[in-house]
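# Residue-level structure breakdown
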Amino acid sequence: MTPMQKLLQLPVNAMNMVKTAQDQMGQQDEAKSPVMTPDGGNHNWYNGEPNDPRHIRFGSGGGDQEERAHLEEGGGSLSSLVTQPLRHDDLKEMLDSNKDSLKLEAMKRIVAMIARGKNASDLFPAVVKNVACKNIEVKKLVYVYLVRYAEEQQDLALLSISTFQRGLKDPNQLIRASALRVLSSIRVTIIVPIMMLAIKEAASDMSPYVRKTAAHAIPKLYSLDPEQKDCLIEVIEKLLADKTTLVAGSVVMAFEEVCPERIDLIHKNYRKLCNLLIDVEEWGQVVIINMLTRYARTQFLNPNMNESLLEEGGGEKAFYGSDNDDDTDDEEDKEEKEKKKTEATAIVKRKPYVMDPDHRLLLRNTKPLLQSRNAAVVMAVAQLYFHLAPKAEVGVIAKALVRLMRSHSEVQYVVLQNVATMSIKRRGMFEPYLKSFYIRSTDPTQIKVLKLEVLTNLANETNISTILREFQTYIKSNDKDFVAATIQAIGRCATNIGEVRDTCLNGLVQLLSNRDELVVAESVVVIKKLLQMQPEQHSDIIKHMAKLTDNIQVPMARASILWLIGEYCEHVPKIAPDVLRKMAKTFTNEEDIVKLQIINLAAKLYLTNSKQTKLLTQYVLNLAKYDQNYDIRDRARFIRQLIVPTDKSGALSKYAKKLFLALKPAPVLESPFKDRDHFQLGSLSHLLNAKAGGYQVLPDWPEAAPDPSVRNVEVPEWTKCSSREKRKEKKADKPFYSDSEGESGPTESADSASDTASGSESGSGSEESGSGSESEESNEESESASEEDEEEEGKKKKKNVEKIKARKPVPESESEPSSGEDVKKSEKKSKPRIGSSESESEEDDDSESESSESEEEESEEESEEETKKKKKTTASKPPSKPPKKENKKEKKEMSLLDFDDFDPAPSPSQVTPLNNFLSSSLVTDLEGLSLTDNVLSPTTIVPSGNLKTYELLHRITGEGLSVEYCFSRQPFSPDPHMVAVKIQFTNSATSEAKSLHMEDAKLQSGMRIKEFPEIEVLPAGETVSVVMGIDFCDSTQAANFQLCTHTRKFFVSIQPPVGELMMPIFMTENEFKKEQEMLLQSLGQLMGMNEITEKLTLEEKCQGEHAVVQRVTTAANLSRVPCGSDKECSHPVPPPPFPIHRFAGKTVTSGSLVLVSVVTKEDGAAQLTVNCEKMVIGTMLVKDILQALTQ
Amino acid sequence: MINSLFLINPSGEIFLEKHWKSVVSRSVCDYFLEAKEKALEPEDVPPVIHTPHHYLISIYRDKLFFLSVIQTEVPPLFVIEFLHRVAEMIQDYFGECSETVVKDHMVMVYELLEEMLDNGFPLATESNVLKEMIRPPTILRSVVNTLTGTSNVGDTLPTGQLSTIPWRRAGVRYTNNEAYFDVVEEIDAILDQSGTTVFAEIQGVVEACVKLSGMPDLTLSFMNPRLLDDVSFHPCVRYKLWESERVLSFIPPDGNFTLMTYHVNAQNLVAIPVYVKQSISFFECGSDGRLDVTVGPKQTMGKTVEGVMVTVHLPKTILSINLTATQGSYTYDNGTKLLVWDIGKLNPQKLPNLRGSLSLQAGAPKPEENPSLNIDLKIQQLAISGLKVNRLDMFGEKYKPFKGVKYITKAGKFQVRT
């Protein structure tokens, strides 16, 4: 503090002193307002301020205000409340002045008062006058004041309303928003209609920021006047349809506060919310995820349904619990309950579970958010997975939760609570992170106890020894509460795991000699519980404990010991009466619970050993009769009547023995977190284990899925939206088509396929949409482009396959992979096989027409839209049948599945004529249709797996030009030794890009490159694909070159995965075996050099045959060797015990053979063998395939 | 959601209150103060307290309690995370988060709180957006403000809130364009008596200080991204690119921020840079004990270990201690029984040692547990996991920025049990 400031303060202090003195001197008549009369010195001092330059300086520093406030405080304590209004005269005057700096200073002081919690309401009239002040900061502070006090001064607050109403019409969106914000924050009931109007208007404002503010205003108005609910729901409905990320979080918040029960409002916005989620600000994410969890619980089926039905765990209960809610099924329900087991399995057989694609969408889109820096977001995703994901997938959240545990201790506290609940249900999930729950001596006690809880939950036969060793360290801690908790934890481990019961018991007995009484007491209590489980083996422990009664003073422990002795007095017949004798001596000094147990002990001894203890018992009962505590007196009276035979003793005394010495069941030591998961995890209610106000109950899974079509959106314009998404190169108008196509999709697939075929059709549909949407959003477009291209080709290929089939019977298991099946298909496997083969032929007919059509397209080079129309017409060609009830659901699912695959992103050949190479390869393919299979290009057998797209140039880097590439797996016709690389340019800039070409290739020795022809012009918003060839020389070295536009050059590089360095060749099983042997022998002694064998465990999802084939062929450009063909010919040979999948190919440059075989055994065990002359390629390939199979 | 916020100092004084909805009387804090009285340490106060009409969620940070009052169901972490953001915001604005700082800038803090929440729901929590609306104080600006009567409130309207990149303010200009990245790794470990590792892991964080003009798009790549097991990012980082290519691609916020935190793969063995030889013993009969601690370098990758500090919470029954240190100095607070031995740089030739006698209160029993030692240390120019930044590329802007990377290894929760 500067000396000057000190000087300035002096008069004030002095003034106060003087005034106090005056007060005391007894100017009684002025007592009502004595302290600061308007003409007092203080007033003068303030009057002087404007003229005094020093004062301005004084006022602007924060520190001075602080001093000021203290003085005020001091003043306040001296003067009475009545005087307070006058004390603010200086401030009023400042507010009335026409200098902004003075006003500002006054407002700052007033706000500082508010912040400190001082009452400044009397200044309201003076402040509200300044609501229209030009100075922004003054205005802001006035707003702050208004919002704080408007509720108390409703009439005066109305003066300000017109200012805000004017603000609502301002051309600047920020002013509109802030006016609405303040207006809605003024809690004055009279203006409810004005607020309502303002909100409605703002909800359709052009600016998303204003709309966001409107969303914020909704709960404010609702809390002010709940009767506006219906109107507000309309606004919410409107805002829910908003397409921007800015609004999404706020409106869902409003939804949760106003109408959380109106889950139906979400249907149409569900997919949009899922897709926008990652770009919403973090707080909004939390709210949306929590809401979607609830939504999903009402709309989808339990993904763990099958498992929970089969096991007799709690899951089953939950499943049937949901039945109970359903009144209509009550009858059926009861029946079902009677024959639970059989019915359960029947259900499983009847309806194999297929996850709704929307359910999958939610899981997929939330998963990356586990990486958020915001603990609340991570927790929200974690609870979503816990409540919604299939068992096998829940594991992913463990890592993220363990990460949160390294955060602030409050975060740890909340996370540990949730982990404790989760670890009961899903112990395996956290087992790998056991050590992360070890306790440090510096942890706060509440954290220690929670960690202990988790450790106990995680304990099992394998890790118990490590955990017990840890516990041993904890027992020595100085924190006695924690030690007590540890002892209880040991007790729980001992009850849960029989193997260690004796060890634990011995350990606890040792603790009985601990110096700390609390420790001993806690041990006694726990030992008591443990002994109850097997008392006969442990009479020595009971004896030992009997001795302890001399020393232990903790009542609970004494009581426990006495109970034990009484209960097992037969095991210690000599000691028990002696203990009773000692206790009788000290009876009057004991605590109540101990007294009760003494009476109990006496009663039990009297019944078993009345000779020795009769007198003692009488004595004890007499003492108890005159006890101060009525419970004890009652007990004594009751027991006396029961055990001491008298003339008129009631009927009960006959049963005294039975009453007292009945076998008592051992207590079950349970976790306090058991069954807490009926609260939504991460919620306040869960933490408190009590329902908090406004908590929305997490509903049980429905038994039958509600109609999924409610989520279909007619005109999903939302996809244009968020520019962050634009960052991901999503072109605004594209998804529009994709979706409308998705709409037409269902009719198409439902109509074209016959009833029997529908199963397999939807299977293939699911494959396409599944993979399509799984692919990153960023390359969705190009992906789907290639997909479509692929699809068409696939159909042709299928046709070829069909031809092969016709020549020699090929089991359809072979042709199926060629259509690139997905996991989902394998889940549907329970479908009768015959049906699917039938469907195949049907599908084929279908595809024939389609492919012929695509030929047409090619020749005519129609525009995209036209193609689309055409497709639609083909779709509507077959006579549309009325939708059948039975298949309805499945078809609906299909409609969702088809969501992506008809994305009209142009197939390269249609977009541009530049694509000579590819189209020429298409031509060869088409030729293949009419030729014999000798000409059949090997590619035709390649499964049309999804091509992975890689980014070559990011949009931002490329200044609007983004480039992606993929390995098209087509033969590169100009040079067969080159790998074809399809490159797709997208110009998302506003101007057109000219003369796109490549130059200055920097290549490793031996590598060659065949440039793509220059693209002269790429108009804004257009996409074009070209094909180039690169001879990688059978190495995975990157090819570096420059990509040039008319203005810029970009250095880019293409690095091939090893799997793309080969091309498929067709061979039979016998040929394969021969080649394999040849390869092995060719190196003579070095045998084994070119064979690499790895054992692996297949991931659960990829145990099916199709999955294996699909994954291998996706990882490497190989073709499948038809394994069944030989088998078919030679019937007598028994099929091999385990199926072997063989794949063949050769490297592109040198043509060396690459042979891959995968032997699958039971339980997902498998063996992978790769034979290749090129060792490097072989090893890398093994790695890649391993990864593909185990991931 | 969040109804009110109270800032409370350790002695229980409420020095700031802010209400986002109807005013809640500050008497609600009594429940909290009661719980605080009961707790031995400020950290032991339960973060969530249930009162008849409200729920109190509090954090303890920088010797201050941030207490929020809520009335309805809300994820507790949501509130806790927000409270920490408030603390970080204060730290960011005023250089430190303390009672004096808040009292000095009462109005500004209040204005900031007003902007951060609307009706209890977070509105603007990004530091860049807030700074656009309310400029942080600098010495120069406060002088200018005093002379001209202008203020700290931005006179331009904040456009950051409207942007799709809310974390970066628009129109950033620097004469020197620089980007610095600090890779800071912390070793969390528990060693047992014999020196074997019970548990060890490495937590890393990449702190960035980016002062670049315009809208730079940065790409940071690592030599060995496979090391990173579990990561979390600032919202600016593009998840997808990390997933596909293991590079960090982002448009950075302006100024200081935490780019990512990571956890190193658990399979990798953690190199423990120091070893500790210790013996703390109390004699059964006499009221006496001995302490002997030696610290030496273990796996340091050829770097010097600096800033070594040993902290011991001695048992409550200790009366006095008499120790001598061969290197550095020790302080002992008899009130809290906290012994701090500040060693400084580790010299491999001459190992620092602290030994001497401890005397217990007369008649007090021998403590059962020996106190564990908490080690603090620092190694410059080394990331103990071996993580290396490969390169930083900038796109979108024409100038050439100055780039720098620094590595530091520290001890996190590094505890030696005795």
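This is a predicted model, so every value here is computed, not measured. (Residues numbered from 1 in each chain as written. Chains lettered and ligands numbered in written order. Predicted model: local features only at pLDDT ≥ 70, side-chain atom pairs only at ≥ 80, totals over all residues. Heavy atoms only, no water.)

Moving on, we get to the overall build of chain B. A count of helices and strands for chain B gives seven helices and 23 strands. With 418 residues in all, chain B has 58% of them scored as buried. Residue pairs in contact within chain B that sit at least 24 positions apart in sequence constitute 69% of those at least 6 positions apart. (Helix = DSSP H or I, 4+ residues; strand = E, 2+ residues; numbered from the N terminus. Buried < 20%, exposed > 50% of the residue type's maximum accessible area, 1.4 Å probe, protein only. Contact = heavy atoms within 4.5 Å.)

The subject of this paragraph is the packing of helix H53 (residues 1105-1115) of chain A against helix H55 (residues 1175-1190) of chain A. Residue and element names in this part refer to chain A. One way to put it is that H53 packs onto H55 with a least axis distance of 9 Å and a crossing angle of 140°. With respect to each other, H53 and H55 are oriented oblique. For the crossing formed where H53 meets H55, the hand is right-handed. The segment H53 lies against H55, with Val 1108, Arg 1111, Val 1112 and Ala 1115 engaging Asp 1184, Ile 1185, Ala 1188 and Leu 1189. Of the residues in the contact of H53 with H55, the class split is six nonpolar, no polar and two charged. (Axes fitted to C-alpha atoms, helices over the stretch in contact; angles between N-to-C directions. Parallel < 35°, antiparallel > 145°, perpendicular 65-115°, else oblique. Left-handed = near helix turned anticlockwise from the far one by under 90°. Nonpolar A, V, L, I, M, F, W, Y, C, P; charged D, E, K, R; others polar.)

So, on to the packing of aromatic side chains. All names here are of chain A. Applying the stated criterion across every chain yields a total of 24 aromatic pairs over all chains. Seen from their ring centres, Phe 430 and Phe 437 are 6.3 Å apart, and the 80° between their planes marks the pair as edge-to-face. Across this residue pair, the class does not change: Phe 430 and Phe 437 are buried. Relative to Phe 967, the ring of Tyr 965 lies with its centre 5.8 Å away and its plane at 85°, an arrangement referred to as edge-to-face. As far as burial versus exposure is concerned, Tyr 965 and Phe 967 are alike and both buried. Over the ring of Tyr 149 we find Arg 148; its NZ or CZ atom is 4.6 Å from the centre of that ring. Directly above the ring of Trp 563 sits Lys 528, whose terminal nitrogen or CZ lies 5.1 Å from the centroid. (Phe/Tyr/Trp six-rings, centres within 6.5 Å; stacked < 30°, edge-to-face > 60°. Lys NZ or Arg CZ within 6 Å of the ring centre and 35° of its normal.)

Right, let's talk about a nonpolar patch on the surface for a bit. Residue and element names in this part refer to chain A. Taken together, the side chains of Leu 652, Tyr 655 and Leu 659 define a hydrophobic patch exposed on the protein surface, amounting to about 320 Å² of accessible area. Mapped onto the fold, Tyr 655 is located in the loop between helix H38 (630-643) and helix H39 (656-660). Among the residues examined, Tyr 655 registers a relative accessible area of 44% and is labelled partly exposed. (Patch = residues over 30% accessible without salt bridge, like charges linked within 9 Å, V, L, I, M, F, W, Y side chains within 5 Å. Areas by Shrake-Rupley, 256 points an atom, 1.4 Å probe, with all protein chains shown as cover. Salt bridge = Lys/Arg side-chain N within 4 Å of Asp/Glu carboxyl O.)

Here we take up the packing of helix H26 (residues 409-425) of chain A against helix H2 (residues 76-94) of chain B. Where H26(A) meets H2(B), the closest approach of the two axes is 10 Å, and the angle between their N-to-C directions is 170°. For the element pair H26(A) / H2(B), the angle class is roughly antiparallel. Residues A:Glu410, A:Val411, A:Val414 and A:Val415 of H26(A) lie in contact with H2(B), whose contacting residues are B:Pro76, B:Leu77, B:Ile80 and B:His84.

Okay, the sheet that holds strand S9 (residues 1049-1054) of chain A next. Neighbouring strands of a sheet are bound in pairs by backbone hydrogen bonds; such pairs are parallel or else antiparallel. Residues and elements named next belong to chain A. Read across the sheet, four strands follow the order S6-S4-S8-S9 without closing on themselves; strand pairing throughout is antiparallel. Every interior strand has two partners, whereas the edge strands, strand S6 (1015-1018) and S9, have only one. Neighbour-to-neighbour, the strand axes of this sheet turn through a mean angle of 35°, independent of strand direction. (Pairing = 2+ DSSP bridges.)

In this section: the confidence of the model for chain B. Mean pLDDT over chain B works out to 85, with 92% of the residues at or above the 70 mark. Confidence metrics for the complex model read pTM 0.64 and ipTM 0.91. (pLDDT = per-residue confidence, 0-100.)

Under the criterion given, the structure shown has 51 salt bridges over all chains. Of the charged contacts in the structure, one is a salt bridge between B:Lys103 and B:Glu13, with a shortest N-O distance of 3.8 Å. Of this pair, B:Lys103 sits in helix H3 (residues 99-104) while B:Glu13 sits in the loop between strand S1 (2-8) and strand S2 (14-19), placing them 90 residues apart in sequence. Among the ionic contacts, a cluster of salt bridges with common partners joins A:Lys140, A:Arg181, A:Lys220, B:Lys18, B:Glu114, B:Glu115 and B:Asp118.

Time to look at helix H31 (residues 501-511) of chain A. Residues and elements named next belong to chain A. Buried residues of H31: Arg 501, Cys 504, Leu 505, Leu 508, Val 509 and Leu 511, and no others. For H31, the angular spread of the buried residues around the axis is 150°, confining them to a single face. Tucked inside the fold, the buried residues of H31 contact helix H29 (464-475), helix H30 (480-496), helix H32 (517-531) and helix H33 (539-548). (Arc of directions from axis to C-beta.)

Glancing now at the interface of chain B and chain A. Facing 101 residues of chain B, the contacting portion of chain A comprises 109 residues. For the pairing of chain B and chain A, the buried interface totals around 9,300 Å² over both sides, and the portion due to carbon and sulfur atoms is 55%. Here chain B and chain A share 11 salt bridges between them. Here A:Glu282 ties to B:Arg85 by a salt bridge, and the two come within 2.8 Å at their closest N and O atoms. (Buried area = accessible area lost by both parts, 1.4 Å probe.)

On to helix H15 (residues 245-258) of chain A, then. When the terminal C-alpha atoms of H15(A) are compared, their 20 Å separation across 14 residues agrees well with the 20 Å that a helix rising 1.5 Å per residue should span. Among the 14 residues that make up H15(A), 12 are buried, leaving the element largely enclosed by the rest of the structure. Taken together, the buried positions of H15(A) are occupied by A:Thr245, A:Leu246, A:Val247, A:Ala248, A:Gly249, A:Ser250, A:Val251, A:Val252, A:Met253, A:Ala254, A:Phe255 and A:Val258. Close packing links the buried residues of H15(A) with helix H13 (208-224), helix H14 (229-240), helix H16 (270-276) and helix H17 (282-299) of chain A together with strand S7 (121-122) of chain B. (Expected span 1.5 Å × (residues − 1).)

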